[in-house]
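Fold and geometry: a report
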Amino acid sequence: MELKVLALVLAGGKGTRLAPLTAERAKPAVPFGGKYRIIDFVLSNLINSGIYSIYVLIQFRSQSLLQHLRDGWQFGSMLQNQFIIPVPAQMRTPGETWYKGTADAVFQNANLIEQSRPDVVVLFGADHIYRMDVRQMIAYHRDKGAGVTISALPVAKRFAKDFGVIEVDGDGRIVGFHEKKPDAPTMPGRPDMVLASMGNYVFDADLLLDLVGSDAADPRSGHDFGTDILPNLIGRVPMYAYDYQTNHIAGDPVDKVPYWRDVGTLDAYYEANMDMRAIDPPLNLYNRQWPLRTAGYSDPPAKFAFDEEKRRGQAIDSILCGGCIISGSTVKRSVLGRYVRVHSYALVEDSILFDDVEVGRGCRIRRAIIEKNVHIPPGTVIGYDAEEDRRRWQVTESGLVVIKGERSLVPISSLTL
């Protein structure tokens, strides 16, 4: 069966709970795993699944995201049906407003659907860490004769307040939808778990246009899929839950448990990065059959210098990106971005360092997130004295130290007079 598939990626979120990492960028543009950005996961999933017609809907603090899409996600112009196009909020409604919610974002870009006339629209968020073969979800959608299909997975009941919670019958048909309610119903036989929406949807295209059009005309609506549209579809439209745990990625062991993380908070973001550098990571970045794509830069390889007692350049259980120099220092259980420099006698443990961070001689750093372009003076101690850390930097409830960086310089051309 051949289907015309259009992908809309919602990438306009502020990501306020990730501040200060989102002070200068949208949440999907936040670096992850050293060389990647969060949006790389959803775009890689779509491309690896054979979905090449993609609009990325952007809004808040979009410059960093636009630059990343330019550097890493531009197709050639030979095939007109293969594109990844960023779409800024165009204020196409009479009130000329920014997006009021996820449904309004689709409504304001309904022309993109009308012009391409797809059979189905996949509507995915851009702020989760996971891998997914989207073809399998679309096949499930067609096999069930669904109008709407929502990908879902079990999560602990204590997180019900953070998700849309789904109730299903024995055939997977959705019979209840509860958006961010602490008392949402649990899964049958599993009183400690709820079935949570992942925020990834497959819609029949005509149905989607009807839904967002009707929603836009309703003055009582908050114009959000989870809050307004999906709960009101129960019993009216065939709506099914796709079990994400059945999704299999080419190149992974058959019994591999699918990995998905919501990185909406600093601590969740930190833990997901730490997952990537584990000895046996739950999400394998090295699967060549399902590559995680990103911008490619002509960086030199990482370098380790000196081999003396107490002055040995080494990294253990860590991820290091191109251009890093570990000069007579030790890095343990950490993730380092591009062009990080760690000078002699320094120790970096359990930390995330963004691009162009410089750690001075003799520093000791643990459980920290250090943003781009930060220079840590020699002898600085971070992560050992909570009270002192709070006086200088942002510290989460778990004791994670977050240090805001500086804006990167943008090289521009010169004119000879």
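Everything here concerns the structure above.
Now for a description of the structure that goes with this document. (Residues numbered from 1 in each chain as written. Predicted model: local features only at pLDDT ≥ 70, side-chain atom pairs only at ≥ 80, totals over all residues. Heavy atoms only, no water.)

Concerning the environment of Ala196
Stated formally: To qualify as a helix, a DSSP run of H or I must reach at least 4 residues; to qualify as a strand, a run of E must reach at least 2; elements of each kind are numbered from the N terminus. Pairs of residues are marked as contacts when any of their non-hydrogen atoms sit within 4.5 Å.
Within the fold, Ala196 resides in strand S11 (residues 193-204). A C-alpha to C-alpha distance of 9.5 Å links Ala196 and Glu179, two positions 17 residues apart in sequence. Sequence-distant contacts of Ala196, defined by excluding residues within four places in its chain, comprise Ser151, Ala152, Leu153, Val155, Phe163 and Gly164.

Concerning the sheet that holds strand S24 (residues 352-353)
Here is the rule: For two strands to count as paired, DSSP must find a minimum of two bridges between them.
Spatially, S18-S21-S24-S27-S31-S30 is the arrangement adopted by the six strands of the open sheet, whose pairing is mixed. In this open sheet, the two strands that pair with only one neighbour each are strand S18 (319-320) and strand S30 (394-395). Both S24 and strand S27 (residues 368-370) contribute to a ladder of two bridges, which runs parallel. Across the sheet, Leu353 pairs through a bridge with Ile370, a residue of S27.

Here's the deal with the layout of surface pockets
Spelled out, the test is: The definitions used throughout rest on a 1 Å grid laid over the protein atoms alone, on which a cavity is an enclosed set of points accommodating a 1.4 Å probe that cannot get out and a pocket is an open set flanked by protein within 12 Å on both sides along at least five of seven lines; lining residues are those having an atom within 4 Å of a point. Grid points are joined across faces, edges and corners, and a volume is the space filled by probe spheres set on the points. Three classes are used: nonpolar for Ala, Val, Leu, Ile, Met, Phe, Trp, Tyr, Cys and Pro, charged for Asp, Glu, Lys and Arg, and polar for all others, with Gly counted as polar.
Approximately 890 Å³ is the volume found for the second largest pocket. Lining the second largest pocket are 34 residues, with Arg37, Ser64, Gln67, Lys372 and Ser408 sitting closest to its centre. Among the secondary structure elements, those contributing two or more residues to the lining of the second largest pocket are strand S3 (36-37) and helix H2 (63-72). The element that contributes the greatest number of residues to the lining of the second largest pocket is H2, accounting for six residues. Split by residue class, the lining of the second largest pocket holds 11 nonpolar, nine polar and 14 charged.

Notes on the packing of helix H1 (residues 39-48) against H2
So the rule is basically this: Every angle, taken between N-to-C directions, lies between 0 and 180 degrees, and every axis is a line fitted to C-alpha atoms, over only the stretch in contact when it is a helix. An angle below 35 degrees is treated as roughly parallel, one above 145 as roughly antiparallel, one from 65 to 115 as roughly perpendicular, and anything else as oblique. By definition, turning the near helix anticlockwise from the far helix through less than a right angle yields a left-handed crossing, and turning it clockwise yields a right-handed one.
Relative orientation of the contacting elements H1 and H2 amounts to 40°, with a least axis distance of 12 Å. Taken together, the axes of H1 and H2 lie oblique to each other. Crossing handedness for the pair H1 and H2: right-handed. Note on element contacts: H2 touches H1 through Leu65, His68 and Leu69, opposite Ile39, Asp40 and Leu43. Along the lines of polarity and charge, the residues of the contact of H1 with H2 split into four nonpolar, one polar and one charged.

Description of empty space enclosed by the protein
Counting across every chain of the model gives two cavities of 30 Å³ or more. Its boundaries defined by the atoms lining it, the largest cavity holds a volume of some 40 Å³. Around the largest cavity, the lining residues are Pro31, Phe32, Gly33, Gly34, Tyr269, Asn273, Val335, Gly337, Ile352, Leu353, Phe354 and Asp355. Elements with a minimum of two residues in the lining of the largest cavity: strand S2 (31-32), helix H8 (266-276) and S24. A breakdown of the residues in the lining of the largest cavity according to their chemical character gives seven nonpolar, four polar and one charged. Of the voids in this model, the second largest cavity is the one considered here, and its volume is about 30 Å³. Every residue lining the second largest cavity is listed: Phe41, Ser44, Asn45, Asn48, Tyr130, Arg131, Trp290, Pro291 and Leu292. By residue number, the principal contributor to the lining of the second largest cavity is H1, which donates four residues.

A closer look at the pairing of strand S1 (residues 5-10)
Where S1 lies against strand S6 (residues 120-125), six bridges are found, and the strand directions are parallel. Each bridged residue has a counterpart across the sheet, and for Leu6 the counterpart in S6 is Val121.

Quick look at the sheet that holds strand S17 (residues 314-316)
Pairing between the strands of a sheet comes from backbone hydrogen bonds, and it takes one of two forms, parallel or antiparallel. Spatial strand order, S17-S20-S23-S26-S29: five strands in an open sheet with parallel pairing. Strands with a single pairing partner mark the edges of an open sheet, and in this sheet they are S17 and strand S29 (381-382). Pairing of strand S26 (residues 364-366) with S29 involves two bridges; the strand directions are parallel. Along S29, the bridge assignment pairs Arg364 with Val381.

Focus on the packing of aromatic side chains
Aromatic rings considered in pairs are described by the distance between their centres and by the relative angle of their planes. Stated precisely, the cut-off is as follows: A pair of Phe, Tyr and Trp rings is counted when the ring centres sit within 6.5 Å of each other, with Trp represented by its six-membered ring. The angle between the planes then sorts it: under 30 degrees is stacked, over 60 is edge-to-face, the rest tilted. To sort residues, take the accessible area from a 1.4 Å probe on protein chains only and compare it with the maximum for the residue type: under 20% means buried, over 50% means exposed, and anything in between is partly exposed.
For the structure shown, the criterion picks out nine aromatic pairs. With 6.0 Å between their ring centres and 70° between their planes, Tyr201 and Phe203 make a pair best called edge-to-face. Grouping residues by exposure puts Tyr201 and Phe203 together as buried. Ring geometry for Phe203 against Phe225: centres 5.5 Å apart, planes inclined by 45°, an arrangement best described as tilted. Taken together, the residues span a long stretch of sequence, with Phe203 in strand S11 and Phe225 in helix H7 (residues 225-232) at a distance of 22 residues. Residue class for Phe225 comes out buried when judged on its relative accessible area of 1%.

With respect to the pairing of strand S9 (residues 164-168)
The side chains of a regular strand alternate between the sheet's two faces. Relative to strand S10 (residues 174-179), S9 runs antiparallel, the two being bridged by five bridges. Within S10, the residue paired with Ile166 across the bridge is Phe177. Taken together, S9 and the strand that follows it, S10, pair antiparallel across an intervening segment of five residues, in which Gly172 is found at a positive phi of about 90°. Looking at chain direction, S9 and S11 are connected through two bridges and run antiparallel. The residue bridging Ile166 from the neighbouring strand is Leu195, located in S11.

Thoughts on the nonpolar core
Test applied: Buried Ala, Val, Leu, Ile, Met, Phe, Trp, Tyr and Cys residues form a nonpolar core when they are joined through side-chain atoms within 4.5 Å.
Counting 42 residues, the largest nonpolar core has Ile39, Val42, Leu43, Leu46, Ile54, Val56 and Val122 as the members making the most contacts within it. Considering each element in turn, this core owes the most residues, five residues, to H1. Sequence-distant contacts of Ile54, that is, excluding residues within four places in its chain, are made with Ala7, Val9, Leu43, Leu46, Ile47, Phe83, Ile84 and Ile85.

Some points on the pattern of salt bridges
Worth spelling out the cut-off: Salt bridge, as applied in this entry: a Lys or Arg side-chain nitrogen positioned within 4 Å of an Asp or Glu carboxyl oxygen.
Per the stated rule, a full pass over the model turns up 18 salt bridges. Its salt-bridge partner being Arg220, residue Asp218 comes within 3.2 Å of it at the nearest N-O pair. Between Asp275 and Arg261 there is a salt bridge, with the nearest N and O atoms lying 3.8 Å from each other. On the criterion of sequence distance, the pair formed by Asp275 in helix H8 and Arg261 in strand S13 (residues 260-262) is long-range, its members being 14 residues apart.

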